[in-house]
Amino acid sequence: MAIETPIGFQRRSGELQADGVPLEEIARRYGTPTYVYSAALLEARLRALRSAFAALAPDICYAVKACANLSVLSLFARWGTGFDIVSAGELHRVLAAGGDPRRVVFAGVGKQRWELERAIDAGVGRFNAESAAELERLGAVARERGVVARVALRVNPDVDPRTHEYIRTGSKENKFGVDLDRAGEVIRAARAIEGIDLCGLHCHIGSQICEAEPYVGALRRIRAFFDDFGRAGFDHLDLGGGFGIDYGDGREMDFAVLASALQPELRAIGLPLVLEPGRSLVASAGILLTRVIEVKAGRDRSFLIVDAGMNDLLRPSLYKAAHRIEEVRPSGAPTHRGQVVGPICETGDFLCEARDLPLSPAGALLAVRDCGAYGFAMSSQYNARPRAAEVLVLEGRARLARRRESFDDLLRGELASDLLDG
Ligand SMILES: *Cc1c(COP(=O)(O)O)cnc(C)c1O
């Protein structure tokens, strides 16, 4: 009888595993802190999105910034997604991972001329422009190169996605896109620019959005725009990403609910759909492994000091994001009000705020759940801490996808004062 390999992070005999590989084994082999990704879960998430949206047959462009490890990008390329990038550096990564430049959408505010040049030279398929000035810059570069760049205008539908203020991007008072009221005028001007083909509308209203309603609201406004302006010359509508995942509070975007809520407006608009999911494909497929260094008991709060800090996982400090933190092997330690903190010299260096948790003894291995998105991607070397290793479990085997940085990596490209030139 074939033994079915469990997908993702599940317990066997009480012990947490990744696609059937014990996390203790991975920690012993690669050390801590280490990010671990489950290829099976990545694929399952993509499959779930595709099947929920099957009737709409969207072009799915994975948002690289959520998790840009080459092995993850190359898996998505193998599985046939396009890529949503926000910098020339991300383009470099996609190309290195074997991604097809024609399936790349270049989004993001403040693209510089040299970035547009690189993207056009590489054959990037589409641009999402954020302003009239950017359309001019893009047109100039395209004319120089003798090509016509396909471009969508990012519009701001002024909806409130009811998410953290730092990840709200579709309301009036932020830097992204062009107000929908002004879009017609910008598009008419753009269509007079030689070198660009303004063929789409784009919006991306925020991140970690758990309800369909803000998307439906955005679509209603976009549909009203098309009804007024007409659809001539448009060949796609890019709805961005932002679909929320369950960080443990039970709230998440249900792909099927979203797809069916969007369907009436999308049918009325009648343009092929593009989606740019980041978090919803990768967040739950990654964890951060960290070991307890020391337990500091206090009267009404204890501190579990662990070997991962805000440089490794910034989300709790930056957004007050609450991640589930679990013992990989249950220690049986008593539960107490405690906070998991890192070794960095900042009070804001915590992996969770005070909560009831087992006071795991020194040496215990913890898994911070749902760190696949905006985890390693936002990590830094703050406090001269080499960045963590990244491990991918693929076909039931753990493989090193990025080696832990060394002390030499910390100094790369730097010179002491007596060695400076000039
Ligand atoms: C960040 C971003 C995404 C992905 O957002 P998620 O919340 O990770 O799904 C998609 N499109 C654009 C333009 C983005 O900036």
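Remember, it's a predicted structure, so these values are computed and weren't measured experimentally.

Chemist: Could you give an account of the overall build of the chain, with specific residues and numbers?
Modeler: When its secondary structure is counted, the chain shows twelve helices and 21 strands. Relative to the globule expectation of 22 Å for 422 residues, the C-alpha radius of gyration of the chain, 23 Å, shows essentially globular dimensions. Along the longest, intermediate and shortest principal axes, the C-alpha atoms of the chain span 65 × 65 × 50 Å. Per-residue burial over the chain gives 54% buried out of 422 residues.

Chemist: So what's going on with the pairing of strand 14 (residues 286–296)? Residues and values would help.
Modeler: Looking at chain direction, strand 4 (residues 34–38) and strand 14 are connected through four bridges and run antiparallel. Bridge pairing links Y37 to G286 in strand 14. Note that strand 14 and strand 19 (residues 365–368) share four bridges and pair antiparallel. From the neighbouring strand, T290 faces strand 19, where its bridge partner is L366. Looking at chain direction, strand 14 and strand 15 (residues 302–306) are connected through four bridges and run antiparallel. Bridge pairing in strand 15 links V292 to V306. Between strand 14 and strand 15, which pair antiparallel and follow one another directly, the connecting turn spans five residues.

Chemist: Residue-level account of the site of the ligand, with values.
Modeler: Close contacts around the ligand come from 14 residues, with K65, S207, E276, R279 and Y374 the closest. The contact in question runs from an oxygen atom of the ligand to an N or O atom on the backbone of G278, over 2.9 Å. Between the ligand and the protein, one listed contact pairs an oxygen atom with a backbone N or O atom of R279 at 2.8 Å. When isolated, the ligand has an accessible area of 390 Å², and the protein chains bury 94% of it. Partitioning the shell around the ligand into residue classes produces four nonpolar, six polar and four charged.

Chemist: Kindly report on helix 5 (residues 113–122), identifying the contributing residues and their values.
Modeler: Burial in helix 5 covers these residues: E115, L116, A119 and I120. Projection of helix 5 onto a plane perpendicular to its axis shows the buried side chains occupying an angular sector of 130°, all on one side. Buried residues along helix 5 sit against helix 4 (88–96), strand 7 (104–106), strand 8 (126–129), helix 6 (132–145) and strand 9 (149–156).

Chemist: An account of the packing of aromatic side chains is requested, with residue identities and associated values reported.
Modeler: Geometrically, a pair of aromatic rings is defined through the distance of the ring centres and the angle of the planes. Scanning the model with the defined rule gives eleven aromatic pairs in all. Seen in terms of ring centroids, F76 and W79 are 5.7 Å apart; in terms of plane orientation they differ by 90°. Their pairing is edge-to-face. For the residue pair F76 and W79, the accessibility class agrees, reading buried in each case. With a centroid separation of 5.1 Å and an interplanar angle of 15°, the aromatic rings of F225 and F229 are classed as stacked. Here F225 pairs with F229, and both are found in helix 8 (residues 213–229), just four residues apart, close to one helical turn. The buried category is assigned to F225, whose relative accessible area is 9%. Residue F229 is classed as partly exposed on the basis of its relative accessible area of 22%. Linked through ring pairs, F225, F226, F229 and F234 together constitute an aromatic cluster.

Chemist: Can you explain the confidence of the model for the chain? Please cite residues and give values.
Modeler: Summary statistics for the chain give a mean pLDDT of 95 and a share of 96% for residues scoring 70 or more. Per-element mean pLDDT across the chain ranges from 94 in strand 10 (residues 178–179) up to 99 in strand 4.

Chemist: Residues and numbers for the domain arrangement of the chain, please.
Modeler: Here the domain parsing of the chain yields domain 1 (9–37 + 283–411) and domain 2 (107–277). Computed over C-alpha atoms only, the centres of domain 1 and domain 2 are separated by 35 Å. On the domain 2 side, the residues contacting the eight residues of domain 1 number seven residues. Summing the contributions of domain 1 and of domain 2, the shared interface buries around 690 Å²; its carbon and sulfur component is 62%. Taken as a group, R315, Y319 and D370 account for 50% of the area that domain 1 buries against domain 2, more than any other trio of residues on that side. At the boundary of domain 1 and domain 2, one finds zero salt bridges. Counting the contacts that link domain 1 with domain 2 gives zero residue pairs in polar contact (both at pLDDT 80 or more).

Thresholds applied
- Residues numbered from 1 in each chain as written.
- Predicted model: local features only at pLDDT ≥ 70, side-chain atom pairs only at ≥ 80, totals over all residues.
- Heavy atoms only, no water.
- Helix = DSSP H or I, 4+ residues; strand = E, 2+ residues; numbered from the N terminus.
- Rg over C-alpha atoms; globule rule 2.2 N^0.38 Å.
- Buried < 20%, exposed > 50% of the residue type's maximum accessible area, 1.4 Å probe, protein only.
- Pairing = 2+ DSSP bridges.
- Near = heavy atom within 4 Å.
- Polar contact = N/O pair within 3.5 Å; in protein donor to acceptor, adjacent residues only side chain to side chain.
- Areas by Shrake-Rupley, 256 points an atom, 1.4 Å probe, with all protein chains shown as cover.
- Nonpolar A, V, L, I, M, F, W, Y, C, P; charged D, E, K, R; others polar.
- Arc of directions from axis to C-beta.
- Contact = heavy atoms within 4.5 Å.
- Phe/Tyr/Trp six-rings, centres within 6.5 Å; stacked < 30°, edge-to-face > 60°.
- pLDDT = per-residue confidence, 0-100.
- Domains from an automatic or database assignment.
- Buried area = accessible area lost by both parts, 1.4 Å probe.
- Salt bridge = Lys/Arg side-chain N within 4 Å of Asp/Glu carboxyl O.

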